[in-house]
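Residue-level listing of the chains:
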Amino acid sequence: MSMTLPEVDTIDLSDPEFWALLPHEIEAAFAALRRHDTIPFYAEPEIPFLPVGPGYYVLTRHADVDAASSQPALFCSGEGAVSIADLPEELREFYGSLISMDDPRHAKIRRIVSKAFTPRRLESLIANVETLTDEILARARALAEAGDGTFDLVKEISSPLPLKIICRMMGIAEQDHALVLEQSNVILSGGDPEIMTDPEQVIVLVLEAGAALAGIVQRLAEERLENPTDDLTTALVRTDVDGESLTAQEIASFFILLCVAGNETTRNAISQGVWALHEHPEQKARWLADPSLTKTAVEEIVRWASPVRWMRRTATQDLELHGQQFARGDKFLLFYSSANRDETVFTDPQVFDVGRSPNPHFGFGAPGPHFCLGANLARREVTVAFQKLFEQMPDLEVVGEPDRLRSSFVNGIKRLPVRLTGRT
Amino acid sequence: MTDGPAAQVTVDRDLCVSSGMCESLAPAVFEIDDDGELVVLQDVVQDALLADAQAAARSCPTRALTVT
């Protein structure tokens, strides 16, 4: 498929308007950057109350993202992984969990939590995921049938599924689920004007959202110390790292990471997947006719969606990458979404192919110690979501354009109007 | 059935983060135990298990596994 590529100098990834472009325009810009030999450099976007940093480099090629990700001693996460700007101390307290931490501490804490995400532990969650999905789909159908047949897929299906699963794993009470969803939306809005009506308020709102989530988990942590259960919060409060237990603050930060990382990503994979199958009905027909394609189809949805577009790394010393010299302290954004469309790695990367194999995508991050902790869980959730959608909502059709989140970080869909036709 | 070449499975403990990718691809060879540590259930693999273990080594996100 041929695209008209823009001139590299006309592309500004720090301009919020860039992220309001249509997906094919954003993709064309990255295709141009991948072909351009020099690793591009951008001035940092201005965020009220934060000092503007020195700027950042952007890695768009699969090989460059791989090289940075798999050499954590040269490209560290501890200076920040989820924000271009260096965060002030107050924010780092809430958002400084595993994802923005380096080994050896990262490895120790990761090992404690990773046992909750292993394939074997997830086996016992499967029945849970299936029952929950059944309930969610039944509620959405009842809502559609009580009205004109339409509903918002994001609100009724893509959001509640991962939210309820991550909350159940943590042991969060049902009545707090809505608050968790609302606050994690604020944290990951990336300044989208609908969620952040006043740009001056971004930092304040994000801090308040962090504090609200921290409040929920700190109360829960106290309860679990008294009355342990088999949930993840209990594991966190009862664990020790080299004779030290995690502080209330560390547990809260980890919970915030899980809420945010465990909700938005899978939600957007499901929404983007439904939209992709709508745009490529022949791929939907192919998958429906051959359920053995589920494994490759789920991977392709993750590649196609790339729900988290980038993570940041910082050079720990002067170094060379792609024949270019960099200095200690230089910031890099590793664009997984661009690596996932790299023409030198994927055959016809602009084609959505549910049977794609091999598919060495970076949708869960690239190789290295920070590879997505929840990858197995996310695969399970997306698999069950589509199996159940095919089975219980064969009459589902998309009836409008997706309403997209304007964010460089999360490839989000805020709303996707769908309808149950009653015909199968 | 078990006449093919055999290979040794090793884990670099400094690299392993217990992501469990290996267990999902080769559950007969790898298991994350209740403490979150990777246990190698069979350190010499052959035939079908060899293929599974090699797939697991290729997919390891931290490249902590070798099968040689």
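Residues numbered from 1 in each chain as written. Chains lettered and ligands numbered in written order. Predicted model: local features only at pLDDT ≥ 70, side-chain atom pairs only at ≥ 80, totals over all residues.

### Some details on the nonpolar core
Note on soluble globular proteins: their nonpolar side chains tend to be buried together. What counts, and what does not: We define a nonpolar core as a collection of buried residues of the types Ala, Val, Leu, Ile, Met, Phe, Trp, Tyr and Cys that are connected via C-beta atoms lying within 7 Å of each other. Here exposure depends only on C-beta density: within 10 Å of a residue's C-beta, 20 or more other C-beta atoms make it buried, 12 or fewer make it exposed, and intermediate numbers make it partly exposed, the C-beta atoms being placed from the backbone. Under the DSSP-based scheme used, a helix requires at least four consecutive residues in state H or I and a strand at least two consecutive residues in state E, with every element numbered from the N terminus. The contact rule is simple: place each C-beta atom from the backbone, and if two of them lie within 7 Å, those residues are in contact.
Ranked by size, the top nonpolar core spans 114 residues in total, and within it Phe255, Ile256, Leu334 and Phe335 of chain A carry the most contacts. Among the elements that make up this core, the one with the highest residue count is helix 11 (residues 248-279) of chain A (15 residues). Not counting residues within four places of it along the chain, the set of residues in contact with Phe335 of chain A comprises Phe30, Val58, Leu59, Thr60, Val65, Arg309 and Trp310 of chain A. The next biggest cluster of nonpolar side chains, apart from the first, holds 21 residues, and it includes Ala107 of chain A together with Cys22, Leu25 and Val67 of chain B.

### Brief notes about the confidence of the model for chain B
The criterion, for reference: Scored from 0 to 100, pLDDT records how confident the predictor is in each individual residue.
Across chain B, the average pLDDT comes to 87, with 97% of residues at or above 70. For this predicted complex, the interface confidence reaches an ipTM of 0.76, while the overall pTM sits at 0.91.

### Structural notes on the sheet that holds strand 5 (residues 65-67) of chain B
All names here are of chain B. To be explicit about the condition: Strand pairing requires that DSSP identify at least two bridges connecting the strands. In this description, a line fitted to the C-alpha atoms serves as the axis of each element, helices being fitted only across the stretch in contact, and the angle between N-to-C directions of two axes falls anywhere from 0 to 180 degrees.
Pairing is antiparallel in the open sheet, where three strands are placed in the order 4-1-5. Of all the strands in the sheet, the pair left with one neighbour each is strand 4 (44-46) and strand 5. Between one strand axis and the next, the sheet turns through 30° on average, direction left out of account. Bridge count between strand 1 (residues 6-11) and strand 5: three bridges; the pairing is antiparallel. Along strand 5, the bridge assignment pairs Thr10 with Thr66.

### Description of helix 9 (residues 202-226) of chain A
Condition: Helix span is expected to be 1.5 Å times the residue number reduced by one.
For helix 9 of chain A, built from 25 residues, the straight-helix expectation of 36 Å at 1.5 Å per residue is met to within 8% by its first-to-last C-alpha distance of 37 Å. All buried positions along helix 9 of chain A are accounted for by Val206, Ala209, Gly210, Leu213, Ala214, Ile216, Val217, Leu220 and Arg224 of chain A.

### A look at the packing of helix 8 (residues 177-187) of chain A against helix 11 of chain A
Each packed pair of helices is defined by two parameters, the angle between the axes and the distance between the axes. All names here are of chain A. Note the cut-off: Working rule for angles: under 35 degrees goes down as roughly parallel, over 145 as roughly antiparallel, 65 to 115 as roughly perpendicular, anything else as oblique. Three classes are used, and their members are as follows: Ala, Val, Leu, Ile, Met, Phe, Trp, Tyr, Cys and Pro are nonpolar, Asp, Glu, Lys and Arg are charged, and the others, Gly among them, are polar.
Where helix 8 meets helix 11, the axes come as close as 9 Å, and the angle between the chain directions of the two elements is 90°. One way to sum up the angle between helix 8 and helix 11 is to call them roughly perpendicular. Contacts between helix 8 and helix 11 involve Val180, Leu181, Ser184 and Ile187 from the former and Cys259, Val260, Asn263 and Glu264 from the latter. Of the residues in the contact of helix 8 with helix 11, the class split is five nonpolar, two polar and one charged.

### Digging into the pairing of strand 14 (residues 417-420) of chain A
Looking along a regular strand, one sees side chains alternate from face to face of the sheet. All names here are of chain A. Pairing of strand 4 (residues 150-152) with strand 14 involves three bridges; the strand directions are antiparallel. The partner of Asp152 across the bridge, within strand 14, is Pro417. The pairing of strand 11 (residues 396-398) with strand 14 spans three bridges and is classified as antiparallel. Each residue of the ladder has a partner; that of Val398, found in strand 14, is Val418.

### Things to note about the environment of Phe75 of chain A
Tracing the backbone through its elements, the reader meets Phe75 of chain A in strand 3 (residues 75-76). Residues within four places of Phe75 of chain A in sequence aside, it is in contact with Ala68, Arg313, Ala315 and Phe332 of chain A.

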